[in-house]
Amino acid sequence: MGVCFHFVNAQQGKSPGANRSGDSSAIILLINKGDSLGSQQPELALQYYSQADSICQAIGNERLLFEFYSYYSWLLNNANKFRQSMDLCNRALEIARQMNDTTKIAYAYMSIG
């Protein structure tokens, strides 16, 4: 399942002041580009994910950040960037705890291993 599906579902939790159409569209575009390159060109995919990360953080949407960190960490892990991947997994866990979402907490722990 592609990352875009999860980002579209995460849109509901967006903060009221965020530019929903512009920011969300840019994030989805960057994620889709990175997703399409994931296994063939992981370094280029990481560049797209890094750009999406900047936008995600500017928005401050916890659900979107959680989903993004979950997928970004997977890509980092596949690119043998294990420390960075673990850092993102821990950030996702912290977000899940702040949200008090037990399903997301469990998912984050599974990602950490």
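Residues numbered from 1 in each chain as written. Predicted model: local features only at pLDDT ≥ 70, side-chain atom pairs only at ≥ 80, totals over all residues. Heavy atoms only, no water.

Re the environment of Asp53
Put simply, the rule reads: Runs of H or I in DSSP of at least four residues are treated as helices and runs of E of at least two as strands, each being numbered from the N terminus. Contact criterion: two residues are considered in contact whenever any of their non-hydrogen atoms come within 4.5 Å of each other.
Mapping Asp53 onto the fold places it in helix α3 (residues 42-59). On a C-alpha basis, the gap between Asp53 and Leu30 in space is 9.5 Å, while along the polypeptide they are 23 residues apart. Excluding anything up to four places from it in sequence, Asp53 contacts Phe68, Tyr69, Tyr72 and Arg91.

A few points about the pattern of salt bridges
Put simply, the rule is: Whenever Lys or Arg places a side-chain nitrogen within 4 Å of a carboxyl oxygen from Asp or Glu, that contact is recorded as a salt bridge. Summary of the burial criterion: residues with accessible area below 20% of their type's maximum are buried, those above 50% are exposed, and those between are partly exposed, where the area comes from a 1.4 Å probe applied to protein chains only.
For the structure shown, the criterion picks out three salt bridges. Residue Glu67 pairs with Lys104 through a salt bridge whose shortest N-O separation is 3.6 Å. Of this pair, Glu67 sits in helix α4 (residues 62-78) while Lys104 sits in helix α6 (residues 102-112), and the two are 37 residues apart along the sequence. Taking relative accessible area as the criterion, Glu67 reaches 15% and is therefore assigned buried.

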